[in-house]
Amino acid sequence: MEKFIKAQYISEGIPPGPVKGGTKEGSKDQDDKVPEEKGVPNFWLTAMKTNEVPAEEISKHDEEALKYLKDIKWCRIDDPKGSKLEFFFNPNPLRTLF
């Protein structure tokens, strides 16, 4: 679980621990200011491109979509035995293609 929390902090900029001041950090404050983008830009795209196994499979077309990738979650499945990856994307103009 600790590795997930660290990955979430790196990819989304959400620090671990309790919420400060009763609102989630990064949400709009009383002045309705737009929150700053937190985390590492294009974190998952960069992580995949620097790993030789997925890097070989990523095309230029894939790169454009992966720029909007927010999170990847892994879970175990029992029937059939194995695992699955769930990909979560930020809103993006490519979403209408699916």
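Residues numbered from 1 in each chain as written. Predicted model: local features only at pLDDT ≥ 70, side-chain atom pairs only at ≥ 80, totals over all residues. Heavy atoms only, no water.

Looking at an unreviewed UniProt entry, the chain carries the name Nucleosome assembly protein (NAP), with the source organism given as Dillenia turbinata. In its Sequence similarities (unreviewed entry) section, the UniProt entry covering the chain states "Belongs to the nucleosome assembly protein (NAP) family." (UniProt positions renumbered as here; feature names shortened; annotations may be inferred.)

A few words on the overall build of the chain. Tallying secondary structure elements over the chain gives four helices and two strands in all. Per-residue burial over the chain gives 14% buried out of 98 residues. A sequence separation of at least 24 residues applies to 36% of the contacts in the chain between residues at least 6 apart. Here the chain has roughly 8400 Å² of accessible surface; of this, 55% comes from carbon and sulfur atoms. (Helix = DSSP H or I, 4+ residues; strand = E, 2+ residues; numbered from the N terminus. Buried < 20%, exposed > 50% of the residue type's maximum accessible area, 1.4 Å probe, protein only. Contact = heavy atoms within 4.5 Å. Areas by Shrake-Rupley, 256 points an atom, 1.4 Å probe, with all protein chains shown as cover.)

What follows is about the packing of aromatic side chains. Applying the stated criterion across every chain, the model contains one aromatic pair. Centroid distance F43 to W44: 4.9 Å. Interplanar angle 80 degrees. Geometry classified as edge-to-face. Both residues of the pair, F43 and W44, belong to the buried class. If you follow K73 out to its NZ or CZ, it ends over the ring of F88, 5.6 Å from the centre. (Phe/Tyr/Trp six-rings, centres within 6.5 Å; stacked < 30°, edge-to-face > 60°. Lys NZ or Arg CZ within 6 Å of the ring centre and 35° of its normal.)

Of the strand pairs in this sheet, strand 1 (residues 69-78) and strand 2 (residues 81-89) are connected by nine bridges, and their pairing is antiparallel. Following the sheet pairing, D78 is matched in strand 2 by K81. (Pairing = 2+ DSSP bridges.)

With that out of the way, let us pick up the pattern of salt bridges. Following the criterion strictly, the structure yields three salt bridges and no others. Among the ionic pairs, K49 bridges to E63, the shortest N-O distance being 3.3 Å. Of this pair, K49 sits in helix 2 (residues 43-49) while E63 sits in helix 4 (residues 60-66), placing them 14 residues apart in sequence. A residue is classified by how much of its surface remains accessible, and K49, at 40% relative accessible area, is partly exposed. A salt bridge links E64 to K67, with the shortest nitrogen-to-oxygen separation between them at 3.6 Å. The exposure class assigned to K67 is partly exposed, which follows from its relative accessible area of 40%. (Salt bridge = Lys/Arg side-chain N within 4 Å of Asp/Glu carboxyl O.)

Glancing now at the side chain of N92. Residue position: N92 is located in the segment after strand 2. There is a polar contact of 2.9 Å between the side chain of N92 and the backbone oxygen of N90. (Polar contact = N/O pair within 3.5 Å; in protein donor to acceptor, adjacent residues only side chain to side chain.)

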